[in-house]
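Residue-level listing of the chains:
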Amino acid sequence: MPIRTKSRATRAVLLLLTATLLTACSGGGGAGQELSRDPVSLRFTWWGADDRHKRTQQVIEQFQRKHPNITVRGEFKEWNGYWDSLATTMAANDSPDIIQMDELYLSSYAERGALLDLGEAGKHLRTEAFDAKALATGAIEGKQYGLPVGLSAYCFVVNTDLLAEHGVPLPDDSRWTWADLRATGERVSRAAGGKAWGVQSWGINDGGGLTIWARQAGAALFDDKGKVVIPPKVLTEYWSYLLDLARTGIAPPPPVTVEKASAGLSQSATATRTAAIGAWWNTQLTALTAASGARLKLLRLPGEAGLKAPAAYYKPSMFWSVSARSKHPAEAAAFVNFLANDEEAAKVLLTERGVPANQRIRAVIKDKLTETDKAAAAYLDALPVSDPPRITPNGASTLDAILKRHTENVLFGRSTPEQTATAFITELQSEVDAAR
């Protein structure tokens, strides 16, 4: 998974938004007004690769055939340049009307008044087919600033071929614990004799594992106000567990872990069949299967069985958002509604942006999915979840990079888990404070 960080240039431009957008109002009346019969031009921006661009353009054309007076102009970029461009256009009061938004940045824009509350667009935007816990991923203080496009959930991906090769049974994910994960990994590593490891270490590329670990301990990374509140003891135990996996040979040595994590999905220990169990998002199953050529299975996270409420949660792949300064908020909302609810559009988009958050649409496209995409959707449908964690607060979009650096410090012995816990909390809190 890519390590997503905000450049200093993006952050500097975002700071300008406070002055220019906090008092912003929609430019063309309300989002609940009647759709115009006059010619309307909308701008729609997204990041992605060629396949996404082609599919999105097809959907734009479908929408325009149904609304001949509305023209939608697509503006797409790669991830690395997308956020600098968006921040610059926002600060210049030249924002696109419809924005493909990421969870890491939703709060940064919403809290500066840059995004429309989609709750105001109920006349043109239907959300009844969305689970309440899915909608909550895009809500801040009761306002819906992002409509989730796709959903994913954290899981362990198990190479059943490797388990069978080394005579290790598949764990029962309805009741397994973190101790069971360690024991299974140890059996694989011992049997493989250095040719493979039992577990692919995590904590390098994303914060999903840490979030789940904290929730299982009855804690959270951030409170409702955006303050870093994870207890140092929880962090210490988290890094101690990862360090134990590395020191005992259950996970690869730190240099191998970092090298494979930095090389991307196709070079990961899961993809190269050098680890039997790896932590991933369920929607990555198709790519991992293609890269590995192995039979892979999704398992729920250890430790869930003994909890009063699940620690698992829905993570949005991305959101649809509308600029608060759109001159045509009603038409922008109607286009978002088309993206989210139209069955013909769904048959074009399929799971390119993740397993659809819209439950009705998920059922519509089910028969058109590959077997691995069906497995990813089935995992999501069957997974018990709780309300999502607090949206990444303004200033904390560098979380993944901070976590990666501190995890490496632990694995390489530069600092102890206890020392790292204190340093991590201090650094992350300073990032949040600096953005206020």
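Relevant structure appears above.
If you're wondering where the values come from, they're calculated on a predicted model, not measured in any experiment.

Enquirer: How would you summarise the pattern of salt bridges if you had to cite specific residues and measurements?
Expert: Within the structure shown, the criterion is met by 22 salt bridges. Lys 66 is paired through a salt bridge with Asp 342; the nearest N and O atoms lie 2.9 Å apart. Taken together, the positions of Lys 66 in helix H2 (residues 50–66) and Asp 342 in the loop between helix H12 (329–341) and helix H13 (343–349) put the pair 276 residues apart, joining distant regions of the chain. Judged by relative accessible area, Asp 342 falls into the buried class, the value being 14%. Asp 381 is the partner of Arg 362 in a salt bridge, and the nearest nitrogen-oxygen pair spans 2.4 Å. Residue Arg 362 is located in helix H14 (residues 359–365), and its partner Asp 381 is located in helix H15 (residues 371–382); the two are separated by 19 residues in the primary sequence.

Enquirer: Go over the environment of Thr 351 with me, naming the residues and quoting the values.
Expert: With respect to the helices and strands, Thr 351 occurs in the loop between H13 and strand E12 (355–356). Residue Thr 351 is classed as buried on the basis of its relative accessible area of 18%. Note: C-alpha distance between Thr 351 and Leu 369 (18 residues apart in sequence) is 7.9 Å.

Enquirer: Can you explain the environment of Arg 247? Please cite residues and give values.
Expert: Here Arg 247 lies in helix H9 (residues 232–247). Here Arg 247 falls in the exposed class, since its relative accessible area comes to 68%. The spacing of Arg 247 and Val 355 is 108 residues in sequence and 37 Å in space, taken between C-alpha atoms.

Enquirer: Give a detailed account of unusual backbone geometry, specifying residues and quantitative values.
Expert: Of note, Asn 93 is a non-glycine position whose phi angle comes to about 60°, a positive value. Take Asn 93: it is sitting in the loop between helix H3 (79–91) and strand E3 (98–101). Even without a glycine there, the phi angle at Glu 141 is positive, about 50°. Position of Glu 141 among the secondary structure elements: in the loop between strand E4 (139–140) and strand E5 (143–144). Judged by its relative accessible area of 75%, Glu 141 falls in the exposed class.

Enquirer: Which residues make up the sheet that holds strand E10 (residues 296–299), and what are the values?
Expert: The strand order across the open sheet formed by 4 strands is E8-E9-E7-E10, and the pairing between neighbours is mixed. The open sheet has two edge strands, strand E8 (197–200) and E10, and neither has a second partner. Within the sheet, the average angular offset between the axes of one strand and its neighbour, ignoring direction, is 25°. Bridging between E8 and strand E9 (residues 275–281) involves 3 bridges; their strand directions are parallel.

Enquirer: Talk me through the nonpolar core; I want residue IDs and the actual numbers.
Expert: Among the nonpolar cores identified, the biggest contains 73 residues, and Phe 44, Trp 83, Met 101, Tyr 109, Leu 115 and Phe 335 are the most heavily contacted of them. Not counting chain neighbours up to four residues away, the residues in contact with Leu 115 comprise Met 90, Ile 99, Met 101, Leu 106, Tyr 109, Ala 110, Tyr 145, Ser 321, Val 322 and Ala 324. Within the second largest apolar cluster, 49 residues are counted, among which are Ile 212, Ile 230, Ala 279 and Ala 396.

Here is what the cut-offs are and how they apply
- Residues numbered from 1 in each chain as written.
- Predicted model: local features only at pLDDT ≥ 70, side-chain atom pairs only at ≥ 80, totals over all residues.
- Heavy atoms only, no water.
- Salt bridge = Lys/Arg side-chain N within 4 Å of Asp/Glu carboxyl O.
- Helix = DSSP H or I, 4+ residues; strand = E, 2+ residues; numbered from the N terminus.
- Buried < 20%, exposed > 50% of the residue type's maximum accessible area, 1.4 Å probe, protein only.
- Pairing = 2+ DSSP bridges.
- Axes fitted to C-alpha atoms, helices over the stretch in contact; angles between N-to-C directions.
- Core = buried A, V, L, I, M, F, W, Y, C linked by side-chain atoms within 4.5 Å.
- Contact = heavy atoms within 4.5 Å.

Note that all results are geometric; they support no functional claim without further evidence.
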